[in-house]
Amino acid sequence: MEKDDKSIHKFDFNLICEYFLGLERQGPGSAEATIKALSFIDNLSKESNIADIGCGTGGQTMIIAKNIEGKIRGIDLFPAFIEQFNLNAAKLNLKERVKGLLGDMKNLPFREEELDLIWSEGAIYNIGFNRGINEWRRFLKKGGYIAISEASWFTEKRPEEIEKFWLEAYPEIDTISSKVYQMQKAGYIPVATFILPENCWIDNFYVPQVNRQDEFLSKYKGDKTVEDFIANERFEAQLYYKYKEYYGYVFYIGKKI
Ligand code: SAH
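Residues numbered from 1 in each chain as written. Predicted model: local features only at pLDDT ≥ 70, side-chain atom pairs only at ≥ 80, totals over all residues. Heavy atoms only, no water.

### Examining the overall build of the protein
The number of helices and strands found in the protein is nine helices and eight strands. Over its C-alpha atoms the protein spans a radius of gyration of 18 Å, differing by no more than 12% from the 18 Å that the globule rule assigns to 257 residues. Counting only C-alpha atoms, the protein reaches 50 × 45 × 30 Å along its principal axes. Counting only residues that meet the buried cut, the protein has 50% of its 257 residues in that class. Considering only intrachain contacts with a sequence separation of at least 6, the fraction spanning at least 24 residues in the protein is 77%. (Helix = DSSP H or I, 4+ residues; strand = E, 2+ residues; numbered from the N terminus. Rg over C-alpha atoms; globule rule 2.2 N^0.38 Å. Buried < 20%, exposed > 50% of the residue type's maximum accessible area, 1.4 Å probe, protein only. Contact = heavy atoms within 4.5 Å.)

Right under this line is the structure:
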């Protein structure tokens, strides 16, 4: 198989977990971007119920918790991430109102209209943006908010190499206007969108991976799966540097009508 034919989904999940467990973030983002997205949300109080779906080890969850009142439940499919999430919450004295729970975004454990806010950074692609915003809507109260970051095209046309890579990795990548249209169709007021700045990818996502990759390659010397996985991560990063004017992550904030 050509290395550009591989997406992260084809590698062993335990391997991916171990790799990302050693990193603060499992996707592009920053404290500033999380706080900016929060600034569009005005309905929160001590009584609020918030869900962070595909929370990983909780980099963004802890930022949210430090900036608002209310209870946050982080949901992730992978036990090692949830374990680390709960350790992080304890370390920051947030255990009373921040809890990590094992769960599947395709089958969430919430009641109808229970939540004031649904958060999800760099994770909704696991269910697909359109399915996620439609299925999760019923858990929100009327007037509740959804805040999602999602891979998006910035331009109408893209060079073939990057178009091919993304259509293989995540065919639902689309333009910002298409995603906003989907939000409106799903029953949300599109409150705001903004593009995550490049530092969210470079400084907070790809640069911290450089050391991790060296560590991994020496720990698993000669392991072909690991070598392929690291080659794939490096290839993805190179594509970002080459084509970052054409795509990136975008925050979408909507309010349930
Ligand atoms: N929000 C975090 C993690 C993003 S990576 C951050 O921005 O750093 C995507 C996360 O989605 C991973 O933690 C992965 O374990 C989780 N995930 C993948 N499939 C899932 C599913 N079906 N249900 C819940 N979480 C899932």
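### Overview of the site of the ligand
Around the ligand sit 18 residues, and of these Asp76, Phe78, Asp104, Met105 and Glu121 come closest. One nitrogen or oxygen atom from the main chain of glycine 27 is found 3.5 Å from an oxygen atom belonging to the ligand. The separation between a nitrogen atom of the ligand and a polar main-chain atom of glutamate 121 is 2.8 Å. In isolation the ligand has 570 Å² of accessible area, and contact with the protein removes 94% of it. (Near = heavy atom within 4 Å. Polar contact = N/O pair within 3.5 Å; in protein donor to acceptor, adjacent residues only side chain to side chain. Areas by Shrake-Rupley, 256 points an atom, 1.4 Å probe, with all protein chains shown as cover.)

### Quick look at the pattern of salt bridges
Per the counting criterion, the structure on display carries 13 salt bridges. Its salt-bridge partner being glutamate 114, residue arginine 73 comes within 2.8 Å of it at the nearest N-O pair. Separated by 41 residues along the polypeptide, arginine 73 in strand E2 (residues 71–76) and glutamate 114 in the loop between strand E3 (98–102) and strand E4 (115–121) bring together distant segments of the chain. Judged by its relative accessible area of 22%, arginine 73 is partly exposed. The closest approach of N and O atoms between arginine 131 and glutamate 135, which form a salt bridge, is 2.7 Å. Here glutamate 135 and arginine 131 lie together in helix H5 (residues 129–136), a separation of four residues that amounts to about one turn. (Salt bridge = Lys/Arg side-chain N within 4 Å of Asp/Glu carboxyl O.)

### Side note on the nonpolar core
Ranked by internal contacts, the top residues of the largest apolar core, which has 79 residues, are Trp119, Trp136, Ile146, Trp166, Tyr247 and Ile253. Per-element accounting of this core gives the leading share, eight residues, to helix H9 (residues 224–243). Apart from the residues within four sequence positions on either side, tryptophan 136 is in contact with Ile53, Met105, Leu108, Ile118, Ser120, Ile124, Ile127, Ile146, Ile148 and Tyr188. (Core = buried A, V, L, I, M, F, W, Y, C linked by side-chain atoms within 4.5 Å.)

Bear in mind that shape data such as this cannot, by itself, settle questions of function.
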